[in-house]
Amino acid sequence: MEPKKPPPRIAQRAPALDADALELFARVARAGSFSLAAQQVGQTRAAVSRRIAYMEQRTGQTLFLRTTRSLALTATGRRLLPHAVAVLDAAEQARGTLTSVRAGLAGSLRITSLPSFGTTVLPPLLLKFRELHPEVNYDLIISDRRVDLLREGVDIAFRVTNRPPPDWVARPYLRFHVGAWCAPGQWAPMQHPDELAPAPLLLLGPVSTNPEMHWVRRDGSDAVICARAPAAAQSDDLTVLVRLAEGGMGVVLAPSYCVQDAVAAGRLVELLPEWSLNIRQGNAVQLLTLPRPQLGAVARAFAKFVQDNAPTAAPAGL
């Protein structure tokens, strides 16, 4: 009599949306690449691609749009992403807790900021937060481009905007005004924006399509539109323009937070102390986060830290 054959083993397939699957999905979405995500988790690209395809098959939803050269989230993928990021952050925090040699948070924080804020105000914030939580790592996107916060897996964003993205919470962090600044002794303080006409201007960004400047009194009592003289220099880097103004090349139009150190040190003075250049996007840097339940522990702690350290008023002279 032939021995009985054991019954065939039924392969145990991973659940479609368990924590591991959500974490992997978040990594792929953040990296924008199966290959980069595979490197992070120590798997092959094919294995990661199969796992994502299995998620899509079991849920009946397409999460990524794939081409030979790009990978993009579908609308369903964008809705799933904040929940998956929360799982990833929780997992990274748990792993960091086990390996951390010091008390405090551990994990990663992905932050985006406009360059003028990211190169002046953000670094001191990060240094102070680092003192409290030395195990936190940072991925910084300092750019003028319109970063897709969900698609690129951003935790915290600093933007000047009156229209924050849907589903994001916006809180004013830093109020400012855009003024006219120059090296001491070049021009006497001016009473009206028309007096700027003979001054060489140092302007941010391409300016050929907008020949007018809209000024408002800082007490709200008046507004004027002035023709703008040709720029002595223009750049996509405000730091360069501020340095040129300090050297006496002309008048830089800049947010007050970008020049506060130079003003405090006596390298720049304000020419139109009663006026502010009107900015369509508003006069406050906004702190943008997902709603609290969707925030990871590190992002939640950093957002609270930023709010607790928000300036109560502009520095003297600004």
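Before any of the text, the structure's been laid out above.
Residues numbered from 1 in each chain as written. Predicted model: local features only at pLDDT ≥ 70, side-chain atom pairs only at ≥ 80, totals over all residues. Heavy atoms only, no water.

Peer 1: Residues and numbers for the nonpolar core, please.
Peer 2: Membership of the largest hydrophobic core comes to 91 residues, with the highest contact counts inside it found for Phe25, Phe117, Phe158, Trp215 and Phe302. Once residues within four sequence positions are removed from consideration, Phe302 is found in contact with Leu109, Ile111, Leu126, Phe129, Ile156 and Phe158. (Core = buried A, V, L, I, M, F, W, Y, C linked by side-chain atoms within 4.5 Å. Buried < 20%, exposed > 50% of the residue type's maximum accessible area, 1.4 Å probe, protein only. Contact = heavy atoms within 4.5 Å.)

Peer 1: Let's hear about the sheet that holds strand E4 (residues 135-142): which residues, and what values?
Peer 2: The five strands lie next to each other as E4-E3-E5-E15-E6, forming an open sheet whose pairing is mixed. Of all the strands in the sheet, the pair left with one neighbour each is E4 and strand E6 (169-175). Taken pair by pair, the neighbouring strands of this sheet meet at an average axis angle of 25°, ignoring direction. The sheet contact formed by strand E3 (residues 106-113) and E4 spans eight bridges and is parallel. By the bridge assignment, Gly107 is partnered in E4 with Val136. (Pairing = 2+ DSSP bridges. Helix = DSSP H or I, 4+ residues; strand = E, 2+ residues; numbered from the N terminus. Axes fitted to C-alpha atoms, helices over the stretch in contact; angles between N-to-C directions.)

Peer 1: Run through the packing of helix H1 (residues 19-31) against helix H2 (residues 34-41), naming residues and quoting values.
Peer 2: At a minimum axis separation of 8 Å, H1 and H2 run at an interaxial angle of 130°. Classified by the interaxial angle, the pair formed by H1 and H2 is oblique. For the element pair H1 and H2, the recorded crossing hand is right-handed. Contacts between H1 and H2 involve Leu24, Arg27, Val28 and Ala31 from the first element and Phe34, Leu36, Ala37, Gln40 and Val41 from the second. Residue classes in the contact of H1 with H2 are distributed as seven nonpolar, one polar and one charged. (Parallel < 35°, antiparallel > 145°, perpendicular 65-115°, else oblique. Left-handed = near helix turned anticlockwise from the far one by under 90°. Nonpolar A, V, L, I, M, F, W, Y, C, P; charged D, E, K, R; others polar.)

Peer 1: Can you lay out the layout of surface pockets for me, pointing to particular residues and giving the numbers?
Peer 2: Counted as a void, the largest pocket has a volume near 1,400 Å³. As for the largest pocket, its lining consists of 42 residues, and the residues nearest its centre are Asp144, Leu204, Gly205, Ile279 and Gln281. Put simply, the parts of the chain that give the lining of the largest pocket at least two residues each are E3, helix H5 (115-118), strand E5 (156-160), strand E8 (201-204), strand E9 (212-217), helix H7 (238-246) and strand E12 (251-255). A breakdown of the residues in the lining of the largest pocket according to their chemical character gives 19 nonpolar, 14 polar and nine charged. (1 Å grid on protein atoms, 1.4 Å probe; cavity = no way out; pocket = protein on both sides within 12 Å on 5 of 7 lines; lining within 4 Å. Points joined across faces, edges and corners; volume = space filled by probe spheres on them.)

Peer 1: Which residues make up the packing of aromatic side chains, and what are the values?
Peer 2: The geometry of two aromatic rings is summed up by the distance between their centres and the angle between their planes. For the coordinates displayed, the defined rule picks out ten aromatic pairs. Seen in terms of ring centroids, Phe129 and Phe302 are 5.0 Å apart; in terms of plane orientation they differ by 85°. Their pairing is edge-to-face. Residue Phe129 is found in helix H6 (residues 122-132), and its partner Phe302 is found in helix H9 (residues 297-308); the two are separated by 173 residues along the sequence. A single burial state applies to Phe129 and to Phe302, both of which are buried. Site record: aromatic cluster; members linked through ring pairs are Phe117, Phe158, Tyr173, Phe176 and Tyr257. (Phe/Tyr/Trp six-rings, centres within 6.5 Å; stacked < 30°, edge-to-face > 60°.)

Peer 1: So what's going on with the environment of Ser49? Which residues, and what values?
Peer 2: Tracing the backbone through its elements, the reader meets Ser49 in helix H3 (residues 45-59). Taking C-alpha positions, Ser49 is 8.9 Å from Ser35, a pair spaced 14 residues apart along the chain.

Peer 1: How would you sum up the pairing of E9? Please name residues and give values.
Peer 2: Pairing of E9 with strand E10 (residues 223-227), which is carried by five bridges, proceeds in the antiparallel orientation. Within the sheet, the bridge partner assigned to Met213 lies in E10 and is Cys226. Linking two consecutive strands that pair antiparallel, namely E9 and E10, is a turn of five residues; a positive phi of about 80° is found at Gly220 within it.

Honestly, it's all geometry; don't read function into it.
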